[in-house]
Amino acid sequence: MATEVVSNISSDLIWECTRQQNAFLVKRKQAGGVQFSRDPLNLVNKHSRKYAGYCNDQAIGIQPDSNTVELKTKLASRTSKPASMYQTASFSASTPSRKLYKSVVGTTAKKGYRSDLRAEAVARASAVKRSQREVKERKQVTKLRGAKARKAAEAEASSSS
């Protein structure tokens, strides 16, 4: 949207003008009129003022990107420069989870950026990391031992006779 270029309009006014219809809004009538957001800077994909990244001066987005986790923050000081308005950090799939969470918390809460989004940012990073895990193959069925093995052998012998 073109809201990033104009810096003299308050974010509250932008939200009030665009909350009923914008490019990121997804309305569903089937589920009781629930509204979602496709905004890449929205951590919970919920259509609300708190999580809307396009109208807040400071916003955080965590997205999967070809086997990496991408952390994107919106810099309030560069609202008039759309090309350099975002700061991006990428973490590979081999990055330990605790290191990823520590980086997310350091970016959001410890620097005083958006401490209210700390839990949501860690939950989103966790979900993205979990989605990129390789699926393990199922183990072979363990060999039965003891009474269960005798019972299975008897059942097999009686069925083959």
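Because the structure is predicted, anything quoted here is derived from the model rather than measured.

Colleague: Mind showing me how you'd approach the UniProt feature "domain: Ribosomal eL28/Mak16" (unreviewed entry) in the protein here?
Modeller: Taken from the UniProt record, the annotation "domain: Ribosomal eL28/Mak16" (unreviewed entry) applies to residues 13-131. As a span, residues 13-131 carries 29% helix and 24% strand, and end to end its C-alpha atoms are 37 Å apart.

Colleague: Is there a simple way to explain helix H3 (residues 118-131) in this structure?
Modeller: Residues spaced three or four apart along an α-helix face the same direction, because each turn holds 3.6 residues. In this model H3 runs 20 Å from its N-terminal to its C-terminal C-alpha over 14 residues, within 8% of the 20 Å that 1.5 Å per residue would give. Buried residues along H3 sit against strand S3 (60-65), strand S4 (68-74), strand S5 (86-92) and helix H2 (97-110).

Colleague: What am I meant to see in the layout of surface pockets here?
Modeller: One simple way to see leftover space: roll a probe sized like a water molecule over the atoms. Here the largest pocket defines a volume of roughly 160 Å³. Taken together, Leu 71, Thr 73, Leu 75, Gln 87, Thr 88, Ala 89, Phe 91, Thr 107, Lys 111 and Tyr 113 make up the lining of the largest pocket. Going through the elements one at a time, S4 and S5 are the ones with two or more residues in the lining of the largest pocket. Examining the composition of the lining of the largest pocket, we find that 4 residues originate from one element, S5, more than from any other. A class-by-class count of the residues in the lining of the largest pocket yields 5 nonpolar, 4 polar and 1 charged.

Colleague: Got a minute to help me understand the sheet that holds S3 in this structure?
Modeller: Each strand in a sheet pairs with its neighbour through backbone hydrogen bonds, running either in the same direction (parallel) or in the opposite one (antiparallel). One open sheet holds the 3 strands; their spatial order is S3-S4-S5, and the pairing between them is antiparallel. Each of the sheet's edge strands pairs with one partner strand only, and the pair in question is S3 and S5. Averaged over all pairs of adjacent strands, the angle between their axes in this sheet comes to 20 degrees, without regard to strand direction. Bridge analysis of S4 against S5 gives 7 bridges, and the strand direction is antiparallel. From the neighbouring strand, Leu 71 faces S5, where its bridge partner is Ala 89. Of the strands in this sheet, S3, S4 and S5 touch H2, which is tilted by about 5 degrees from S4.

Colleague: Quick question: what am I supposed to make of the nonpolar core here?
Modeller: A general tendency of soluble globular proteins is for nonpolar side chains to be buried together. Ranked by internal contacts, the top residues of the largest apolar core, which has 14 residues, are Leu 43, Ile 60, Ile 62, Val 69, Leu 100 and Val 104. A total of 3 residues in this core trace back to one element, the largest contributor, which is H3. Not counting chain neighbours up to four residues away, the residues in contact with Val 69 comprise Ile 62, Gln 63, Ala 89, Ser 90, Phe 91, Leu 100, Val 128 and Gln 132. Grouped together as the second largest cluster of nonpolar side chains are 6 residues, Ile 14, Trp 15, Ala 52 and Cys 55 included.

Conventions used here
Residues numbered from 1 in each chain as written. Predicted model: local features only at pLDDT ≥ 70, side-chain atom pairs only at ≥ 80, totals over all residues. Heavy atoms only, no water. UniProt positions renumbered as here; feature names shortened; annotations may be inferred. Helix = DSSP H or I, 4+ residues; strand = E, 2+ residues; numbered from the N terminus. Expected span 1.5 Å × (residues − 1). Contact = heavy atoms within 4.5 Å. 1 Å grid on protein atoms, 1.4 Å probe; cavity = no way out; pocket = protein on both sides within 12 Å on 5 of 7 lines; lining within 4 Å. Points joined across faces, edges and corners; volume = space filled by probe spheres on them. Nonpolar A, V, L, I, M, F, W, Y, C, P; charged D, E, K, R; others polar. Pairing = 2+ DSSP bridges. Axes fitted to C-alpha atoms, helices over the stretch in contact; angles between N-to-C directions. Core = buried A, V, L, I, M, F, W, Y, C linked by side-chain atoms within 4.5 Å. Buried < 20%, exposed > 50% of the residue type's maximum accessible area, 1.4 Å probe, protein only.

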